[in-house]
Every structure is written in C-alpha cells, then in structure tokens.
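Working through the structure, step by step
Next come the chains, spelled out residue by residue.
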Amino acid sequence: MEDSSVDEPSRSKRIERLENEGDIAADFLEELLDIADLDGDLDMDVEGNRASVSIVGGDLGMLVGRDGEVLEALQELARLAVYRETGERSRLMLDIENFRAKRREELQLIAKDAIARVRDNGESVRLDPMSPFERKVVHDAVAAAGLTSESEGVEPERRVVIVAD
C-alpha cells in the first residue's frame, strides 16, 4: 500500500498555483469588463490540471463572437496576463455564457455519430475543421469509445480523423 500523503504537498502546491492563475486571469478579465462597460459575474475553479474562469450575466454574446472566435482570443489574452505575472505558461480555460459547455455537448454528439459511422462502415471519418478545444473534446470522446483518432492539416483547417482499425 502506497503512502498517498507523500504526494499531498505537491498536489496542494499545484492547486494553489492553479488558483493563483485563476485569480490573475479573473482580475485581468474584470478590468476588461469594466473598460468595455459590460456586466458579468466571474467564477473561478480548478478543473483537473487547469484553472478555469467563467463569465456569465448581462449581454456577453459579443465576447463569444462567431463560433467562439472572440472567446478564443480573450482566453489567449488571459493566458498572457498569467504569463506576464508568473513567467509560466498557463492552460487556463475561459468560458463565457456557457458557450464551451454547450459546444462540448454538441461535439460529443458529433463524435458519437462519427464513431457509429466508423463502426458501421469500417472506414475512417474526417470531421470538419475545429479549434484546439473542439478537437480535444472529440479526441477524448473517441478514446472513451475505445477507438483511435488523430489530427491532420494545418490551422485553421486542422481536423480530427477517427481511424478505422
């Protein structure tokens, strides 16, 4: 039997570091909301091994943009704010008006359908181009189904291919 208490200090330190990333990003995003004169409530969390910040409330659709393009840009700016303060790259995840949560559900349905097609036809399936976030959701769904997937192409045309065995 392993002594899990050995890992507790490093786990605690990791969570503290991620909470700090969330705080830095939230401060940056709150300033941005103030400058843009937008109302929104910020919620910070640690999910797995990344900090997560969500903004809800008011009319924030403009901060999501078409297909989440503005959201992706704001996430990168928040990551840069964290980098500026800590000197370390961040994997912070930003969500606005539950866009990512809703998109995750849509992508899981797309993946489920594509997985069924691979199993039925025995042929690989190439999906439409996706953002890194979207590809990760699909890769995770494919792996959970016991199949293999890979990404091909170059941004912004990078896509997931679900491989037939």
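Values in this document were obtained by computation on a predicted structure and should not be read as measured data.

1. Observations concerning the environment of P9
With respect to the helices and strands, the residue P9 is situated in helix α1 (residues 8-35). By relative accessible area, which is 55% here, P9 ends up exposed. For the pair P9 and D113, spaced 104 residues apart in the sequence, the C-alpha separation amounts to 43 Å.

2. Observations concerning the nonpolar core
Ranked by size, the top nonpolar core spans 19 residues in total, and within it I55, L60, L63, L94 and I96 carry the most contacts. The greatest single-element share of this core, amounting to 5 residues, is contributed by α1. Apart from the residues lying within four places of it in its own chain, the contact partners of L60 are L33, L38, D39, G40, I55, I96 and E97. Judged by nonpolar contacts, the second largest core, of 17 residues, contains A111, V125, A141 and L147.

3. Side note on unusual backbone geometry
Omega for the bond connecting E155 with P156 falls within 30 degrees of zero, at 5 degrees, which places this linkage in the cis form. Looking at the element boundaries, P156 is found in the loop between β5 (148-152) and β6 (159-163). Its identity is not glycine, yet D37 carries a phi of approximately 55 degrees, on the positive side. Among the structural elements, D37 can be located in the loop between α1 and β1 (41-47). Given the relative accessible area of 70%, D37 is considered exposed. With phi around 60 degrees, N98 is a residue other than glycine that occupies positive phi space. Among the secondary structure elements, N98 is positioned in the loop between β3 (93-96) and α4 (99-121). The exposure class of N98 is partly exposed, given its relative accessible area of 40%.

4. Some remarks on the sheet that holds strand β4 (residues 125-126)
Strand order in the open sheet formed by 3 strands is β4-β6-β5, with antiparallel pairing between adjacent strands. A single partner strand is all that each edge strand has here, and the edge strands are β4 and β5. Summarising the sheet, β5 and β6 pair through 5 bridges and their orientation is antiparallel. Note on β6: the bridge partner recorded for S151 is V160.

Reading the values: rules and limits
- Residues numbered from 1 in each chain as written.
- Predicted model: local features only at pLDDT ≥ 70, side-chain atom pairs only at ≥ 80, totals over all residues.
- Heavy atoms only, no water.
- Helix = DSSP H or I, 4+ residues; strand = E, 2+ residues; numbered from the N terminus.
- Buried < 20%, exposed > 50% of the residue type's maximum accessible area, 1.4 Å probe, protein only.
- Core = buried A, V, L, I, M, F, W, Y, C linked by side-chain atoms within 4.5 Å.
- Contact = heavy atoms within 4.5 Å.
- Pairing = 2+ DSSP bridges.

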